[in-house]
Amino acid sequence: NEMACRQLGYSREEFAGLRISDFDVLETAEDVQARMEKVIREGRNDFETKHRTKQGEIRDVYVTAQAHKISGRLVYHCVWRDITDAKRAQEALRESEQRLSEVQKMAQLGYWEWDVKTGNVVWSEEVFRIFHLDPKKFTPRIDSILDLSPYPEDHARDKELIRRVTERHEK
């Protein structure tokens, strides 16, 4: 279709003459055949792969392939969605989270979040390390920080803040 031609940078005529293995970086002709056989057996196959544009750019795609009978003929129907930007964003987020974790570890600083409405408390990995607690065995509550704090002089103030926030359901 027109969108596939546009995404890959080919004219309709050029695209019509291509085999899947001509633009699918990960798929050989044998791989394509095996996928087609799987689709015929199972009716559908969803997978990620990489497509090469006419200009040589590699794009990540999510493919849904189905087999249909149309006028007695078996037709292999394939729809793909370009997920390159989403994959790049996921990788950037993963790298950012890794850097944050490393910085927290070096500085021995952690963070925690408290959802006042649900009462759920989430601690960063470093908070668990600071208090020498196993995240698989210890479930933090809002008063856990107070119980573990090495600064008892702050407890009265902190308890009052928690009481006020809880009463008002503030964040």
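Residues numbered from 1 in each chain as written. Predicted model: local features only at pLDDT ≥ 70, side-chain atom pairs only at ≥ 80, totals over all residues. Heavy atoms only, no water.

**So, the state of the cysteines**
- Per the counting criterion, the structure on display carries zero disulfides.
- Here C5 is not disulfide-linked; the sulfur of C78 is the nearest cysteine sulfur, at 14 Å.
- By relative accessible area, which is 33% here, C78 ends up partly exposed. (Disulfide = S-S within 2.5 Å. Buried < 20%, exposed > 50% of the residue type's maximum accessible area, 1.4 Å probe, protein only.)

**Re the packing of aromatic side chains**
- Evaluation of the coordinates by the stated rule reveals five aromatic pairs.
- Here F15 and F23 contribute two aromatic rings whose centre-to-centre distance is 5.6 Å and whose plane-to-plane angle is 35°, an arrangement assigned as tilted. Pair check on accessibility: F15 and F23 agree, each one buried.
- Measuring from centroid to centroid gives 5.8 Å for F23 and W80, while their planes differ by 45°, and the two rings are tilted. (Phe/Tyr/Trp six-rings, centres within 6.5 Å; stacked < 30°, edge-to-face > 60°.)

**Observations concerning the pattern of salt bridges**
- A full pass over the atoms with the stated rule returns 15 salt bridges.
- One salt bridge connects D46 with R44, and the closest N-O pair in it is separated by 3.1 Å.
- With relative accessibility at 32%, the residue D46 sits in the partly exposed group.
- Among the ionic pairs, E125 bridges to R129, the shortest N-O distance being 3.8 Å. On the criterion of helical spacing, the pair formed by E125 and R129 is a turn pair, its members being four residues apart in helix α6 (residues 125-130). (Salt bridge = Lys/Arg side-chain N within 4 Å of Asp/Glu carboxyl O. Helix = DSSP H or I, 4+ residues; strand = E, 2+ residues; numbered from the N terminus.)

**Examining the nonpolar core**
- One finds A4, C5, L8, Y10, F15, F23, V39, F47, V61, V63, A65 and W80 forming the largest nonpolar core, which totals 12 residues.
- Those elements that provide at least two residues to this core are α1 (2-8) and β2 (58-70).
- Counting seven residues, the second-largest nonpolar core is a separate cluster that includes W123, V127, L146 and I162. (Core = buried A, V, L, I, M, F, W, Y, C linked by side-chain atoms within 4.5 Å.)

**Description of the pairing of strand β1 (residues 44-52)**
- Residues N45, F47, T49 and H51 point to one face of β1 and are all buried, whereas R44, D46, E48, K50 and R52, pointing to the other face, are not buried.
- Examined bridge by bridge, β1 and β2 share nine bridges and lie antiparallel to one another. Looking at the pairing, R52 lines up with I58 of β2. (Pairing = 2+ DSSP bridges.)

**Some thoughts on the pairing of β2**
- Between β1 and β2, which follow one another and run antiparallel, lie five residues, and G56 among them has a positive phi close to 95°.
- Note: β2 against strand β3 (residues 73-82), 10 bridges, orientation antiparallel. In the sheet register, Q66 faces β3, and the bridge partner there is H77.
- If you look at the hairpin formed by β2 and β3, you'll find two residues sitting between the two strands, and S71 has a positive phi there, around 50°.

**Thoughts on unusual backbone geometry**
- Backbone geometry places Q108, a non-glycine residue, at a positive phi of 55°.
- Along the polypeptide, Q108 turns up in the loop between α5 (84-107) and β4 (112-114).
- Of the residues examined, Q108 reaches a relative accessible area of 59% and is grouped as exposed.
- Even without a glycine there, the phi angle at H132 is positive, about 55°.
- The residue H132 is located in the loop between α6 and α7 (144-148) in this model.
- Under the relative-accessibility criterion, H132 is labelled exposed at 73%.

**Quick look at the sheet that holds β2**
- Judged by pairing direction, the sheet is antiparallel, and its three strands sit side by side in the order β1-β2-β3 without closing on themselves. Unpaired on one side and paired on the other, β1 and β3 mark the two borders of the sheet. For this sheet the average axis-to-axis angle between neighbouring strands, irrespective of direction, equals 30°.
- Most of the contacts of helix α4 (residues 29-42) go to β1, to which it runs at about 155°, and overall it touches β1, β2 and β3. (Axes fitted to C-alpha atoms, helices over the stretch in contact; angles between N-to-C directions. Contact = heavy atoms within 4.5 Å.)

By themselves these figures say nothing about function.
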